[in-house]
Amino acid sequence: MTPTAEPARGDHRATYRQVLAEPRFRLLFATRAVAITADILRITTFSVLIFSTTGSAPLSAAAFGIGFIPQLFGSLLLGSLADRLPPRTLITGGYALTCAAALLLALVRMPVAASLGVVALVSLATPVFHGASSRLVAETLEGDAYVLGRSLNNIAAAGAQLLGLALGGATVAALGPRRALAAGAVLHLGCALAIRIRLPRLPRLQPGESGGTAGSAGRDSGAVRASLRGAGLLLRRRTVRRLMTAQWLPVAFVAGSQGLLVAYSGERHFAPGWYAVLMGCLPVGMLVGDLLVGRLLRPPTRERLVVPLIALMGLPLVGFAARPGVGVSACLLLLSGLGYAYQLGLQRPFLDALPQDGRGQAFGLLGAGSITLQGVGAVCLGAVAAAIGTGGAIALAGGVVALTAGWILTWHPSTSPVPLPNDSTESGNSTEQHACSPPAQ
């Protein structure tokens, strides 16, 4: 598969305009933004539907989270399919499957356990579709253009989440939860049709095209066996494992602390509605940080700023130990959100560390692991908050993020904190040689 964007390597700084000028990326970007909006609409509406049916808060919470937790298992068991099947088939099928599930929930009155099972099954397959889409972006954009493409996806995801929440409330109020689910299904159907019509049929990677490691593990064996073996090969690479962990841990703890803001607002007796303002500060900071770091800084500078930006994510949260008021809390959360841009400094080293025929599975594992750990982080911090209070729990989360920055600094204490592929000891001679090679063009 030949990249079609202009090369943007080394010290060259790409622009958002150049990235959006690439038709294939523009299609994937637009459909993904619409799909995220539809996902948030579906998740929140399904939670409302379960609560209105059962009156049970725990079941409503389960309905909200059931789409996240199974994704890690889906990535481990089915992740190799992202590299074994043509991307257009997978991406179109993913949107169509999500559309069908939303329609089923909207039109068929099922028992609660059955409806939760439908959502869980779809979430098992989600990392495969997302992995195929991320792999296609990596093969379409080169060098710094790829990093800015990931930045645009982050910005669109944050904006689409906010839009999805607003649209969900308005649609449920106007149409009711079942018709709102059907509206979300229509959005997913539109995404499926756009990919099917506008995206050319691109072949999957052939065995041996790039040396064959993770993605080609068990190419002719079953999907589950190949996925487990491919995930094992990826996680045995020290560089890949480190870079995945660096992208998982800070986000998991900061997102977990965000889940405590409603309780924190209640403890501090803030006026009604202020919790929503505080919860919106993190994504606003993330949008601003991605734009500034992505647009103004050169690639080497972004990579040198990984540790300071992670520290910026964590240290403001430590201030919650003093139980600040609304204004100070909002400023601390905005500062923390700016630090999310650290991930831009890890994108290029992470891509360079992956075997080309294992990219889809790696991206699926990265996304699924992040989502799952965010849920785990929220649960763990909730338990801590019961013992030391929400302000103390948020401060503890910030301290752990700052410690993560210190851990990353130990990778290369005298130079960049970002480990390039040839800085690590991989398992196996053939694997090491492949990991040290730049991605095939």
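Anyway, here's the lowdown on the structure attached to this text. (Residues numbered from 1 in each chain as written. Predicted model: local features only at pLDDT ≥ 70, side-chain atom pairs only at ≥ 80, totals over all residues. Heavy atoms only, no water.)

Observations regarding the overall build of the protein chain
In terms of regular secondary structure, the protein chain is built from 20 helices and zero strands. Evaluated residue by residue, the protein chain yields a buried proportion of 54% over its 441 residues. When contacts within the protein chain are restricted to residue pairs at least 6 apart in sequence, those whose partners lie at least 24 apart make up 84%. Accessible area for the protein chain stands at about 17800 Å²; split by element, carbon and sulfur atoms hold 67% of it. (Helix = DSSP H or I, 4+ residues; strand = E, 2+ residues; numbered from the N terminus. Buried < 20%, exposed > 50% of the residue type's maximum accessible area, 1.4 Å probe, protein only. Contact = heavy atoms within 4.5 Å. Areas by Shrake-Rupley, 256 points an atom, 1.4 Å probe, with all protein chains shown as cover.)

Description of the packing of aromatic side chains
This model, assessed by the stated rule, comprises five aromatic pairs. Measuring from centroid to centroid gives 5.3 Å for Y264 and F320, while their planes differ by 75°, and the two rings are edge-to-face. Of this pair, Y264 sits in helix α12 (residues 261–267) while F320 sits in the loop between α15 (306–318) and α16 (326–338); the two residues are 56 residues apart in sequence, bridging distant segments of the chain. For the pair shown, Y264 and F320 are each scored as buried. Consider the rings of F350 and F363, whose centres lie 6.1 Å apart with planes at 65°: the pair is edge-to-face. Here F363 lies in helix α18 (residues 359–388) and F350 lies in helix α17 (residues 344–353), a separation of 13 residues in the sequence. In terms of burial, F350 and F363 fall into one category: buried. (Phe/Tyr/Trp six-rings, centres within 6.5 Å; stacked < 30°, edge-to-face > 60°.)

Quick look at the environment of L260
Turning to its location among the elements, L260 is positioned in the loop between α11 (238–258) and α12. Taking C-alpha positions, L260 is 9.4 Å from M279, a pair spaced 19 residues apart along the chain. When neighbours within four sequence positions are excluded, L260 is seen to be in contact with L381, G382, A385, T390, A393 and I394.

A short note on the packing of α11 against α18
The axes of two packed helices give the description: the angle between them and the distance between them. The contact between α11 and α18 brings their axes to 8 Å, and the two run at 35°. Crossing geometry of α11 relative to α18 is assigned as right-handed. Between α11 and α18, the residues in contact are M244, Q247, W248, V251, A252, F253, A255, G256 and S257 and A362, L365, L366, G369, S370, L373, Q374, G377, A378 and L381, respectively. Along the lines of polarity and charge, the residues of the contact of α11 with α18 split into 12 nonpolar, seven polar and no charged. (Axes fitted to C-alpha atoms, helices over the stretch in contact; angles between N-to-C directions. Left-handed = near helix turned anticlockwise from the far one by under 90°. Nonpolar A, V, L, I, M, F, W, Y, C, P; charged D, E, K, R; others polar.)

Quick notes on α16
Its 13 residues place the ends of α16 19 Å apart at the C-alpha level, agreeing with the 18 Å of an ideal helix rising 1.5 Å per residue. Turning to α16, its buried residues are V326, S329, A330, L332, L333, S336 and G337. Projected onto a plane normal to the axis of α16, the buried residues spread over an arc of 165° and lie on a single side. Where α16 is buried, its residues meet α11, α12, α13 (274–296) and α15. (Expected span 1.5 Å × (residues − 1). Arc of directions from axis to C-beta.)

As for the state of the cysteines
According to the stated counting rule, one finds zero disulfides in the structure shown. With no disulfide of its own, C99 lies 9.9 Å from the sulfur of C191, the closest cysteine sulfur. (Disulfide = S-S within 2.5 Å.)

Topic: the nonpolar core
The biggest cluster of nonpolar side chains holds 82 residues, and the ones touching the most others in it are Y146, M244, L333, Y342 and F350. Top contributing element to this core by residue count: helix α8 (residues 143–175), with eight residues. Non-local contacts of F350, meaning those with residues more than four positions away in its chain, are made with V240, L243, M244, Q247, A362, F363 and L366. Among the nonpolar cores identified, the runner-up in size contains 10 residues, and L105, V112, V119 and L181 belong to it. (Core = buried A, V, L, I, M, F, W, Y, C linked by side-chain atoms within 4.5 Å.)

What to know about empty space enclosed by the protein
Counted according to the given criterion, the structure contains one cavity of 30 Å³ or more. Taken as a whole, the largest cavity spans an internal volume of roughly 40 Å³. Around the largest cavity, the lining residues are D144, V147, P299, R302, E303, L344, G345 and R348. Among the elements of the structure, α8, α14 (299–304) and α17 are those that each provide at least two residues to the lining of the largest cavity. Across the lining of the largest cavity, the residue classes break down as three nonpolar, one polar and four charged. (1 Å grid on protein atoms, 1.4 Å probe; cavity = no way out; pocket = protein on both sides within 12 Å on 5 of 7 lines; lining within 4 Å. Points joined across faces, edges and corners; volume = space filled by probe spheres on them.)

Overview of the pattern of salt bridges
Close approach of charged atoms lets side chains of opposite charge pair. The tally for this structure, following the rule as stated, stands at seven salt bridges. We note a salt bridge from D39 to R32, for which the minimum N-O separation is 4.0 Å. Grouping residues by exposure puts D39 and R32 together as buried. A salt bridge links R135 to D83; its shortest N-O distance comes to 3.4 Å. Placement of R135 in helix α7 (residues 112–140) and of D83 in helix α5 (residues 81–84) is noted, with a sequence separation of 52 residues between them. Across the pair, exposure class does not vary: R135 and D83 are buried alike. (Salt bridge = Lys/Arg side-chain N within 4 Å of Asp/Glu carboxyl O.)

Things to note about the side chain of T98
Structurally, T98 can be placed in helix α6 (residues 87–107). A polar atom in the side chain of T98 sits 2.9 Å from the backbone oxygen of G94. Setting aside chain neighbours within four positions, we find T98 in contact with D39, R42, V122 and H188. (Polar contact = N/O pair within 3.5 Å; in protein donor to acceptor, adjacent residues only side chain to side chain.)

What about unusual backbone geometry?
For H269, which is not glycine, the phi dihedral falls at a positive 60°. Relative to the assigned elements, H269 resides in the loop between α12 and α13. Of note, R323 is a non-glycine position whose phi angle comes to about 50°, a positive value. Of note, R323 is situated in the loop between α15 and α16.

Notes on a nonpolar patch on the surface
On the surface, I69, F73, L77, V224 and L228 cluster together to form a nonpolar patch covering roughly 450 Å² of accessible area. On the secondary structure map, L228 appears in helix α10 (residues 223–236). With a relative accessible area of 44%, L228 lands in the partly exposed category. (Patch = residues over 30% accessible without salt bridge, like charges linked within 9 Å, V, L, I, M, F, W, Y side chains within 5 Å.)

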